[in-house]
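# Per-entry structural report
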Amino acid sequence: MKSYEEHAGDVSVGRIPVIVQTSSDFQLDVLEKLGRLEVKMDMLMGNGQPGRMRLAEDRLIALERDDAKRNVYDRIVIGAIALVASALIALHDHFVLR
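Residues numbered from 1 in each chain as written. Predicted model: local features only at pLDDT ≥ 70, side-chain atom pairs only at ≥ 80, totals over all residues. Heavy atoms only, no water.

### Focus: the overall build of the protein chain
For the protein chain, the count of helices and strands is three helices and zero strands. Each helix and strand of the protein chain, placed in order from N terminus to C terminus, yields the pattern α-α-α. Here the protein chain, with 98 residues, has 2% of them falling under the buried criterion. A total accessible area of about 9100 Å² is found for the protein chain, and carbon and sulfur atoms account for 64% of it. (Helix = DSSP H or I, 4+ residues; strand = E, 2+ residues; numbered from the N terminus. Buried < 20%, exposed > 50% of the residue type's maximum accessible area, 1.4 Å probe, protein only. Areas by Shrake-Rupley, 256 points an atom, 1.4 Å probe, with all protein chains shown as cover.)

Next up, the structure:
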């Protein structure tokens, strides 16, 4: 089977070359691509071991748990600041802050 570069000389004659794959070449190409796809899937999902997806899911769960804790602490701190600010506004006449 000729490659595209080998057919470049045929174009000058006025004919456009047609590259035809035989069925065995096609089968080899399909099997090669299928093998690469299988390797990628094993790498992502893991082959009896935690794959990248499992590790990413575990990290995401840990981040969500930490975010929930941080939200609780943030609300407590914001509430304390609001309470102090409200108390200062309400009691500003009783302090020597005039």
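### Re a nonpolar patch on the surface
Nonpolar side chains collect at one region of the surface, where L31, L34, L37, M41, L44, M45 and M53 lie side by side and expose about 670 Å² of accessible area between them. The element best represented in the nonpolar patch is helix α2 (residues 23–45), accounting for six residues. In this structure L31 comes out as exposed when scored by relative accessible area, which is 55%. (Patch = residues over 30% accessible without salt bridge, like charges linked within 9 Å, V, L, I, M, F, W, Y side chains within 5 Å. Salt bridge = Lys/Arg side-chain N within 4 Å of Asp/Glu carboxyl O.)

### What to know about the environment of M53
Along the chain, M53 turns up in helix α3 (residues 52–90). Under the relative-accessibility criterion, M53 is labelled partly exposed at 39%. Residues M53 and M43 lie ten residues apart in sequence; the distance between their C-alpha atoms is 9.1 Å. Every residue in contact with M53, bar those within four places of it in the chain, is listed here: L44 and M45. (Contact = heavy atoms within 4.5 Å.)

### Considering the pattern of salt bridges
Overall, the coordinates contain five salt bridges when judged by the stated rule. Between R54 and D58 there is a salt bridge, and its shortest N-O distance comes to 3.5 Å. With R54 and D58 both in helix α3, this residue pair falls four residues apart, about one helical turn. The salt bridge partner of D67 is R70, with a shortest N-O separation of 3.0 Å. Of the two residues, D67 and R70 are both situated in helix α3; the distance of three residues between them amounts to about one turn of the helix. D67 gets classed as partly exposed once you look at its relative accessible area, which sits at 35%.

### Topic: the confidence of the model for the protein chain
Looking at the protein chain as a whole, its pLDDT mean stands at 78, while 69% of the residues score no less than 70. Element-level pLDDT for the protein chain is lowest in helix α1 (residues 8–11), with a mean of 51, against a maximum mean of 90 in α3. (pLDDT = per-residue confidence, 0-100.)

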